[in-house]
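What the coordinates show
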There are 2 protein chains.
Amino acid sequence: MSEHVVITVDAVGGDLGSEPMLEGTLAALEADSELEVILCGPADVVEPFAAAHERVHAQPTTQSIGMDEHPAQAVRKKKDSSIVVGCRLVKEGKAQGFFSPGSTGACLAAATLVMGRIKGVQRPAMATILPSPVKPVVMCDVGANADCKPAYLVQFAQMATIYAEKVIGIKDPTCALLNIGEEDTKGSAFAQEAHALMRAELPNFIGNCEGRDLLDCKADVVVTDGFTGNVSLKTIEGVASVLFGCIKDIMKANPATLLGALTMKKGLSELKDSVSPDLYGGAPMLGVKGACLVGHGSSNATAVKNGILMTAKCVRLDVSGLIAQLVKKPEKPE
Amino acid sequence: MSEHVVITVDAVGGDLGSEPMLEGTLAALEADSELEVILCGPADVVEPFAAAHERVHAQPTTQSIGMDEHPAQAVRKKKDSSIVVGCRLVKEGKAQGFFSPGSTGACLAAATLVMGRIKGVQRPAMATILPSPVKPVVMCDVGANADCKPAYLVQFAQMATIYAEKVIGIKDPTCALLNIGEEDTKGSAFAQEAHALMRAELPNFIGNCEGRDLLDCKADVVVTDGFTGNVSLKTIEGVASVLFGCIKDIMKANPATLLGALTMKKGLSELKDSVSPDLYGGAPMLGVKGACLVGHGSSNATAVKNGILMTAKCVRLDVSGLIAQLVKKPEKPE
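Just so you know, these numbers come straight off a predicted model, no measurement behind them. (Residues numbered from 1 in each chain as written. Chains lettered and ligands numbered in written order. Predicted model: local features only at pLDDT ≥ 70, side-chain atom pairs only at ≥ 80, totals over all residues. Heavy atoms only, no water.)

1. Section: the overall build of chain A
Cut-off, in case you're wondering: Here a strand is any run of E in DSSP of at least two residues, a helix any run of H or I of at least four, and the numbering for each starts at the N terminus. Only C-alpha atoms enter the radius of gyration; for comparison, a globular chain is expected to reach 2.2 Å times N to the power 0.38, where N is the number of residues. The rule is simple: take the accessible area with a 1.4 Å probe, protein chains only, and divide by the maximum for that residue type; under 20% is buried, over 50% is exposed, in between is partly exposed. Residues count as neighbours in contact if any of their non-hydrogen atoms are within 4.5 Å of one another. The Shrake-Rupley method, run with a 1.4 Å probe sphere, supplies the accessible areas, and residue values consider only the shown protein chains as cover.
Across its full length, chain A holds eleven helices and eleven strands. The C-alpha atoms of chain A give 20 Å as radius of gyration, which agrees with the globular expectation for 334 residues (20 Å, within 12%). The principal-axis extents of the C-alpha atoms in chain A amount to approximately 75 × 60 × 40 Å. Expressed as a percentage of the 334 residues in chain A, the buried residues total 57%. The contacts of chain A with a sequence gap of at least 6 include a subset with a gap of at least 24, amounting to 70%. By element, 52% of the accessible surface of chain A is carried by carbon and sulfur atoms, the whole surface being about 13800 Å².

2. Digging into the relation of the copies chain B and chain A
Here is the rule we go by: Copy-to-copy alignment: least squares on C-alpha atoms, limited to residues at pLDDT 70 or above in both.
For the match of chain B to chain A, the screw axis carries a shift of 0.0 Å, the RMSD comes to 0.0 Å, and the turn is 180°. The superposition of one copy onto the other is thereby described by a two-fold rotation axis. Ranked by how close their C-alpha atoms come to the rotation axis, the residues of chain B are headed by B:G260, at 1.8 Å. A high fraction, 100%, of the interface residues of chain B reappear at the interface in chain A, so the copies pair face to face through one surface.

3. Re the pairing of strand 8 (residues 205-209) of chain A
All names here are of chain A. Using the following cut-off: Paired strands are those between which DSSP finds at least two bridges. We call a crossover right-handed when, viewed with the strands running away from us, the connection from the first strand over the helix to the second turns clockwise.
With four of its five residues buried, strand 8 lies for the most part within the structure. Judged from the three bridges that link them, strand 7 (residues 175-178) and strand 8 form a sheet pairing that is parallel. Looking at the pairing, L177 lines up with N208 of strand 8. One crossover worth recording links strand 7 to the parallel strand 8 by way of helix 7 (residues 189-201), and it is right-handed.

4. Regarding the interface of chain B and chain A
Filter applied, for reference: In this description, buried area is defined as the sum, over both parts, of the accessible area (probe of 1.4 Å) that is lost when the two are combined. Salt bridge, as used here: a side-chain nitrogen of Lys or Arg that lies within 4 Å of a carboxyl oxygen of Asp or Glu. A 3.5 Å cut-off defines polar contacts: any pair of N or O atoms within that distance qualifies, except that in protein one atom must be a possible hydrogen donor and the other a possible acceptor, and neighbouring residues in sequence count only when both atoms are side-chain atoms. Throughout, the ten residues Ala, Val, Leu, Ile, Met, Phe, Trp, Tyr, Cys and Pro are labelled nonpolar, Asp, Glu, Lys and Arg are labelled charged, and all others, Gly among them, are labelled polar.
At the interface, 49 residues of chain B touch 49 residues of chain A. Between chain B and chain A, a total of about 4000 Å² is buried, with carbon and sulfur atoms accounting for 79% of that surface. Of all residues in chain B, B:I180, B:F227 and B:M264 give up the largest surface area on contact with chain A, accounting jointly for 16% of the area buried on that side. At the surface where chain B touches chain A, the tally comes to two salt bridges. Taking the shortest distance from any N to any O, the salt bridge between B:E210 and A:K234 comes out at 2.2 Å. Our count for the contact surface shared by chain B and chain A stands at eight residue pairs in polar contact (both at pLDDT 80 or more). For the side of chain B that touches chain A, the element with the highest residue contribution is helix 8 (residues 226-251) of chain B, accounting for 19 residues. Taken together, the residues of the side of chain B that touches chain A sort by class into 28 nonpolar, 13 polar and eight charged.

5. A word on the sheet that holds strand 4 (residues 97-100) of chain B
Each strand in a sheet pairs with another by means of backbone hydrogen bonds, the pair being arranged parallel or else antiparallel. All names here are of chain B. Rule in force here: Between N-to-C directions, angles cover 0 to 180 degrees, with each direction set by a line fitted to C-alpha atoms, over the stretch in contact for helices.
Taken in spatial order, the eleven strands make up an open sheet running 3-2-1-4-11-10-5-6-9-7-8, and their pairing is mixed. The sheet is open, and its two borders are formed by strand 3 (56-60) and strand 8 (205-209), each paired with just one other strand. With strand direction ignored, the average angle separating the axes of adjacent strands in the sheet is 25°. Across the face of the sheet, helix 4 (residues 82-91) comes into contact with strand 1 (5-10), strand 2 (35-41), strand 3 and strand 4 while running at roughly 165° to strand 4. In this fold helix 6 (residues 150-167) packs onto strand 5 (125-129), strand 6 (138-140), strand 7 (175-178), strand 9 (221-223) and strand 10 (283-286), with an angle of close to 160° to the strand it touches most, strand 9.

6. Topic: the sheet that holds strand 10 (residues 283-286) of chain A
Residue and element names in this part refer to chain A. Read across the sheet, eleven strands follow the order 3-2-1-4-11-10-5-6-9-7-8 without closing on themselves; strand pairing throughout is mixed. Each edge of the open sheet carries a strand with a single partner, namely strand 3 (56-60) and strand 8. Taken pair by pair, the neighbouring strands of this sheet meet at an average axis angle of 25°, ignoring direction. Relative to the sheet, helix 2 (residues 43-52) contacts strand 2 (35-41) and strand 3, its axis offset from that of strand 3 by approximately 160°.

7. A few points about helix 8 of chain B
All names here are of chain B. As a reminder of what qualifies: Working rule for helices: expected span equals 1.5 Å times residues minus one.
Under the 1.5 Å per step criterion, the end-to-end length of helix 8 is 37 Å for 26 residues, consistent within 8% with the ideal 38 Å. With respect to burial, helix 8 is a largely interior element, 21 of its 26 residues being buried. Among the residues of helix 8, the N-terminal cap falls to D225, whose side-chain oxygen and the backbone nitrogen of F227 are separated by 3.0 Å.

8. Comments concerning the packing of aromatic side chains
All names here are of chain A. Applied cut-off: Working definition: a ring pair exists when centres of Phe, Tyr or Trp rings (six-membered ring for Trp) sit within 6.5 Å. Plane angles under 30 degrees give stacked, over 60 give edge-to-face, the rest tilted.
In the structure shown here, the tally under the stated rule is two aromatic pairs over all chains. Relative to F156, the ring of Y152 lies with its centre 6.4 Å away and its plane at 50°, an arrangement referred to as tilted. Linking Y152 with F156, this pair stays in helix 6 (residues 150-167), spanning four residues, or about one helical turn. A single burial state applies to Y152 and to F156, both of which are buried.

9. Examining the state of the cysteines
Definition in use: The disulfide definition used here is simple: a pair of cysteine sulfur atoms within 2.5 Å.
Per the counting criterion, the structure on display carries zero disulfides over all chains. The thiol sulfur of A:C246 is not disulfide-bonded, and the nearest other cysteine sulfur, from B:C217, lies at 16 Å. Look at A:C246 and you get buried, because its relative accessible area is 16%.

10. Notes on the environment of B:K252
Positionally, B:K252 belongs in the loop between helix 8 and helix 9 (255-274). Along the chain, B:K252 and B:G282 lie 30 residues apart, while their C-alpha atoms are 33 Å from each other.

11. Focus on the packing of helix 6 of chain B against helix 7 (residues 189-201) of chain B
Residues and elements named next belong to chain B. Note the cut-off: Just so you know how the angles are binned, under 35 degrees is roughly parallel, over 145 roughly antiparallel, 65 to 115 roughly perpendicular, and the rest oblique. Crossing handedness follows the turn of the near helix against the far one: under a right angle anticlockwise gives a left-handed crossing, and clockwise gives a right-handed one.
Where helix 6 contacts helix 7, the axes come no closer than 8 Å and their chain directions differ by 45°. Between helix 6 and helix 7, the crossing angle belongs to the class labelled oblique. Note on packing geometry: the crossing formed by helix 6 with helix 7 is right-handed. Side by side, helix 6 and helix 7 meet where P150, A151, L153, V154 and A157 of the first sit next to F190, E193, A194, L197, M198 and E201 of the second.

Given below as C-alpha cells:
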C-alpha cells in the first residue's frame, strides 16, 4: 500500500484555464487512493469543486502570476498567488509536494524562495525526461539556470541521477555531458571545465554526448547548462511537431493515402504519444526542500493527472531527502 | 552564361573515401559547364581521374588530416594535406573556392589561417541552412566558435544575412537571436547582451526565437554562439533520424502496413529528402577571403555535387567581397 501524500495543485496556472486542472486532479485521485489534493486558486473555482469531491480541499487565493511577469519579482509581490501559496503549504508541512502548469520561472522562483534550497545545493535545477520513442533519457538543467558555473553541472548530474534511478526506475544510470564533440577535449571553455570536473567527481560519468544523440543516448542522464538544455529540449519538441504536421498532410493528400494511413494509424499514434510531453506530465525542480513539478503551459487533463502522480511519486521516494544526503559535506573521521 | 570558376575539392576528406568525391565532382561538372575542378588528394586517386576527364586537374598531396586531430595543430603541421593545399590554391589565386567533407575544425582552421580572415571580421563563422521541410532558415554560427563574445553575433547576423539574401535567394531576410524566451529580457547574461547589441545595430533584427521555432521560424536568419548552434543543429538531425527510423518500423510492421505505406512512399520520401543535409551539400565559412564550404563527413555523391555547385555559387555572387564591404569601417566624412 502506498504512503498517504498531500499535494498542492495550482488550479489556474496553465494556458487552458482550470478545466484540465480539475479533470486531471480527479483522474489522479482515482488512480491513487492514498492521494489528497489541496487546490489553490480562485474561491469560485476551488470551493465548489472541493465540496463536491472527496480528498480535495480548497485553498482560495486572490492573485495569479502571468506567463510574462518577472518571476522573482512576481513571487515576492504576489504572496496570495496560487503558485506562492502552493509552495508555502509545502513549506508549512501541510502538503509534501506542489504541481503547477504555470510560469516555469515563477514556479522555480517560488520553490527556491518559499520552499527553500537544500543545504549544500549550489543551484536547484530542472530535470525532464526527453520525449524519446527509443528510451528514457533525463536531461538537467533544462532552463532553471541560464548562467551556470562548471561546478554546478556536477551537482546537476548527481541530482538527476537520483531522479533517474529512483523515480524513473533506471538501474545504475550513467551520465554524460552535452557537448559539441565526443572527444574529451572538445567544446567551449565552459564545457571543457565541466567535463574535467565531472570526470574527476562522478563515478557514473561516461563522457560527452552530442545533440544528435539525445533521443537515443548511450547515457541515461544528460547534463548541461540551463540555456543549452532549454534550447535543445524545445528544439526536440519543435522538430517532432513540424514532422508530425508534415506526415499528417501526407496522409491526407488523397483518398489512397487516407486509406493507406489507416493501416498505420495505431503505430503512428503510439509514436506521437511517445514523444508527447504529456506522458510524464511534469519536470521536477531538483534541489529544493519538497517536491515541485512544473507541467507545460498547455497541459491537458492527462498531463495534469500524470504530473500530479509524478509529484506524489517524488514525495514517496523522498527525492529531496536523498539529494540532501548526497550533497551533505562528509563529516571528518575521528 | 555563368562566370568561369575554379574550385579546389578535397578528394579524400570524407568518411566514405574518394568514390563519392569523384562521382560528385563529375556530376557537378556536368551540371555547370563553366566549372573547373582541382582535385586535391593522393596521386593515385587524383591523377588518373584528371587524365580521364575534362575540366579536372590533379593536385597530388601526400598528407591527410583525420577527424580526430587537433585542427589548428594539424593545419600548421601538415602543409601538404588536401585541406591545406586546397585552401592555399585559393590564397594563391589558382582557384576561387574550396570544398571539403573533411574535419570541420581543420577546414575552419585552414580557411582562417591559410586563406585569411577578411579585414574587420572579428571571427569567421559557419552558417548552414537548417534541414526544414517548411522554409529555408539560415543558422550561424553552427560550430566555428564555441566561445563567443556578444559582439561577434552582430557580425554573424550581418554575414549570414548576405548569404541568405544572395546565395539562398531570400528577399529582405530578417534575423533573430536564438534564446530561451521570446521576451527581450529573457536569457543568459550573454544572450541579453547580444540581444541589446543586435537590437541597436541591425535594422533587420526582429527579436528572439526559441528552439521550438527553428524549423518554422518567423526569421530567415537565426544567430547564436557556435556551441548552442552546433548542439541545436545536431539535435534537429538526431530527432529527424530517430523519428524516420521509427516510422520505417511502423511501415514494415505487417503486410497491411507495408501495403498502406506504398500509398505514402512518394510523400514520405520527399519529406525525408527535405530534411536531409545532402540537399545543400555544404555549410559556408563566412568571413574568410575566398569561398570555403564544408560538407558533412558522410557526404554521398549528391551531397558532394551540391556542395561543389554551392561553392561555385558563393564565388560567383562574391559573398566574400560583399562581407568585406559590409564590415569595412566607414570613412569619416570630410
